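# Remarks on the overall topology
Chain by chain, the residues run as shown.
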Amino acid sequence: MWLYLLSVVLLLAFGWLIRDRQKIGDVKDKYVLITGCDSGFGSLLAKRLDHQGFCVLASCLTQKGVDSMHRGNSSRLKAVLLDVTDRVSIQKTADWVQAQVGEKGLWGLVNNAGRAVPIGPTEWMKMEDYHAVLGVNLLGLMEVTLTFLPLVKKARGRIVNVASVMARISFAGGGYCLSKCGVESFSDSLRRDMQNFGVQVSIIEPGFFRTAVTNLECIEKDLHRLWDRLSPEVRESYGQKYFEKYVQVQRFSMNVLCDSDLSKVTDCMEHALTARHARTRYAAGWDAKLFWIPLSYMPTILADFLLSALLPKPSQSVR
Ligand SMILES: NC(=O)c1ccc[n+]([C@@H]2O[C@H](COP(=O)([O-])OP(=O)(O)OC[C@H]3O[C@@H](n4cnc5c(N)ncnc54)[C@H](OP(=O)(O)O)[C@@H]3O)[C@@H](O)[C@H]2O)c1
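Computed from a prediction, not measured in an experiment: that's the story for all the values here.

Rules of the game
- Residues numbered from 1 in each chain as written.
- Predicted model: local features only at pLDDT ≥ 70, side-chain atom pairs only at ≥ 80, totals over all residues.
- Heavy atoms only, no water.
- Helix = DSSP H or I, 4+ residues; strand = E, 2+ residues; numbered from the N terminus.
- Rg over C-alpha atoms; globule rule 2.2 N^0.38 Å.
- Buried < 20%, exposed > 50% of the residue type's maximum accessible area, 1.4 Å probe, protein only.
- Contact = heavy atoms within 4.5 Å.
- Areas by Shrake-Rupley, 256 points an atom, 1.4 Å probe, with all protein chains shown as cover.
- Lys, Arg positive; Asp, Glu negative; His and termini not counted.
- Charge placed at Lys NZ, Arg CZ, Asp CG, Glu CD.
- Near = heavy atom within 4 Å.
- Polar contact = N/O pair within 3.5 Å; in protein donor to acceptor, adjacent residues only side chain to side chain.
- Axes fitted to C-alpha atoms, helices over the stretch in contact; angles between N-to-C directions.
- Parallel < 35°, antiparallel > 145°, perpendicular 65-115°, else oblique.
- Left-handed = near helix turned anticlockwise from the far one by under 90°.
- Nonpolar A, V, L, I, M, F, W, Y, C, P; charged D, E, K, R; others polar.
- Pairing = 2+ DSSP bridges.
- Expected span 1.5 Å × (residues − 1).
- Core = buried A, V, L, I, M, F, W, Y, C linked by side-chain atoms within 4.5 Å.

Attention shifts here to the overall build of the protein chain. Helix and strand counts for the protein chain come out as 12 helices and seven strands. Taken against the 2.2 N^0.38 rule, which gives 20 Å for 319 residues, the C-alpha radius of gyration of the protein chain at 21 Å falls within 12% of a compact globule. Counting the 319 residues in the protein chain, one finds 51% classified as buried. Counting only contacts in the protein chain whose residues sit at least 6 apart along the sequence, the fraction spanning at least 24 positions is 72%. Total accessible area on the protein chain stands at roughly 16300 Å², and carbon and sulfur atoms take up 59% of it. Across the protein chain, the 39 positively charged side chains and the 31 negatively charged ones have centroids separated by 6 Å.

Below you can see the structure in the form of structure tokens.
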């Protein structure tokens, strides 16, 4: 009986592996638009897809990013300015992309642009902090997707949305985890709607990687800004020690958890664009697979206990 069950499981796993490894054909006339190519995963993915022969349309927030994309890549790679929070900029890019792809449509749209700060205890946030992060990570991603969807449908292509493992478990307050939860929800409904049109939608859930988003200096500077603007009563309820330990925890988590091998994430993006059957979700990084995802399946009381143990106690804590 057990042997029979084991053989069925092995056979299913083997079948899944073969299915997972099947690739699409020629990539030479396939266009892929990537957002946020100034640095990090976007920049690396653009270079790697260019190397494979894709026609890469790399969009950057800054002119510096556009110039650096044009240097050292093939003439197939074209770069353009795009601010995903600006409707006029999105429409301008859409007209440009339409002219590039013509009747072929857009094979891939990689929604990668994102920002993380402000991150910190929820009580330290103001509404504009949520607007700033959700504007890029969620509303920007949604507007870009809706704008380019007709072109992706034409090519029966792929949409790859970069969420985060933080969509599964909210480690810190601020708009970041919230926005990534929204990305998952948006992608789930989009995937079900689009499968009727041959469009595959994938979600990437990276753990912690060393990029500008996880830049410690930037996070620490922003935490000081949040702390300094608190009212004296709120600041007193936490205490200076709490703030210092909170900064230390961020420093420790970034130093211990951050992986420098960004290709673990771009490999997932490449699979989603080149596999015949793209996966629905890709978790990237050891911390995502071994820590955050198992933690997200634990009973909430246990997950809360473990996460609270990592954080300092405010001076006026009643527990
Ligand atoms: N690194 C991680 O640990 C990690 C983990 C999970 C998920 N992610 C996600 O992965 C994606 C890529 O981040 P990354 O880690 O590669 O960091 P990154 O190097 O900072 O990349 C993010 C890119 O988005 C750009 N961007 C910011 N605001 C924009 C806007 N309004 N319009 C267009 N582009 C904008 C940034 O441009 P500037 O550089 O000019 O600001 C930057 O090029 C993000 O969605 C991030 O949330 C990262």
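What follows is about the environment of Asp-86. Checked against the element boundaries, Asp-86 lands in the loop between β3 (78-81) and α4 (87-101). Sequence separation between Asp-86 and Pro-206 is 120 residues; the distance between their C-alpha atoms is 26 Å.

Bringing the site of the ligand into the picture now. Around the ligand there are 28 residues in total, and Ser-39, Phe-41, Asn-112, Phe-209 and Thr-211 lie nearest to it. Measuring from an oxygen atom of the ligand, one finds a backbone N or O atom of Gly-40 at 3.3 Å. At a separation of 3.4 Å, an oxygen atom of the ligand approaches a polar backbone atom of Gly-207. For the ligand, the accessible surface in isolation is 870 Å², of which the surrounding protein chains cover 89%.

Attention shifts here to the packing of helix α5 (residues 127-155) against helix α6 (residues 175-194). Following both chains from N to C, one finds α5 and α6 inclined at 20°, their axes separated by 8 Å at the closest point. The pairing of α5 with α6 is recorded here as roughly parallel in orientation. Regarding α5 and α6, the two cross each other, and that crossing is right-handed. Across the interface between the two elements, Tyr-130, Val-133, Leu-134, Asn-137, Leu-138, Leu-141, Met-142, Thr-145, Leu-149 and Lys-153 from α5 touch Gly-175, Tyr-176, Leu-178, Ser-179, Lys-180, Gly-182, Val-183, Phe-186, Leu-190 and Met-194 from α6. Residue composition of the contact of α5 with α6, by class: 13 nonpolar, five polar and two charged.

Turning next to the sheet that holds β3. Sheets are built from strands that pair by backbone hydrogen bonding, the pairs being arranged parallel or antiparallel. Read across the sheet, seven strands follow the order β3-β2-β1-β4-β5-β6-β7 without closing on themselves; strand pairing throughout is parallel. Across the chains shown, the open sheet's two edge strands, defined by having one partner strand only, are β3 and β7 (281-284). The average undirected angle you get between the axes of adjacent strands in this sheet is 15°. The pairing of strand β1 (residues 31-34) with strand β2 (residues 55-60) spans four bridges and is parallel. Bridged to Val-32 within β2 is Val-56. In the packing of helix α3 (residues 63-70) onto the sheet, the strands contacted are β2 and β3, and the crossing angle to β3 comes to about 180°.

A few words now on helix α11 (residues 286-297). Taking 1.5 Å as the rise per residue, α11 with 12 residues should run 16 Å; its terminal C-alpha atoms sit 16 Å apart, in good agreement. Along its buried surface, α11 packs onto β6 (200-206), α9 (240-257), β7 and α12 (300-310).

So, on to the packing of helix α2 (residues 40-52) against helix α10 (residues 263-274). Between α2 and α10, the shortest axis-to-axis distance is 10 Å and the interhelical angle comes to 50°. Our classification of the angle between α2 and α10 gives oblique. Judged by the sense of rotation from one axis to the other, the crossing of α2 with α10 is right-handed. Of the residues in α10, those touching α2 at Phe-41, Leu-44, Leu-45, Arg-48, Leu-49 and Gln-52 are Ser-263, Val-265, Thr-266, Asp-267, Met-269, Glu-270, Leu-273 and Thr-274.

Once that is clear, we can look at the nonpolar core. Membership of the largest hydrophobic core comes to 65 residues, with the highest contact counts inside it found for Val-97, Leu-106, Trp-124, Phe-148, Met-166, Leu-223 and Trp-292. Per-element accounting of this core gives the leading share, 10 residues, to α5. Apart from the residues within four sequence positions on either side, Trp-292 is in contact with Val-165, Met-166, Ile-169, Phe-171, Phe-208, Leu-257, Asp-287 and Leu-307.

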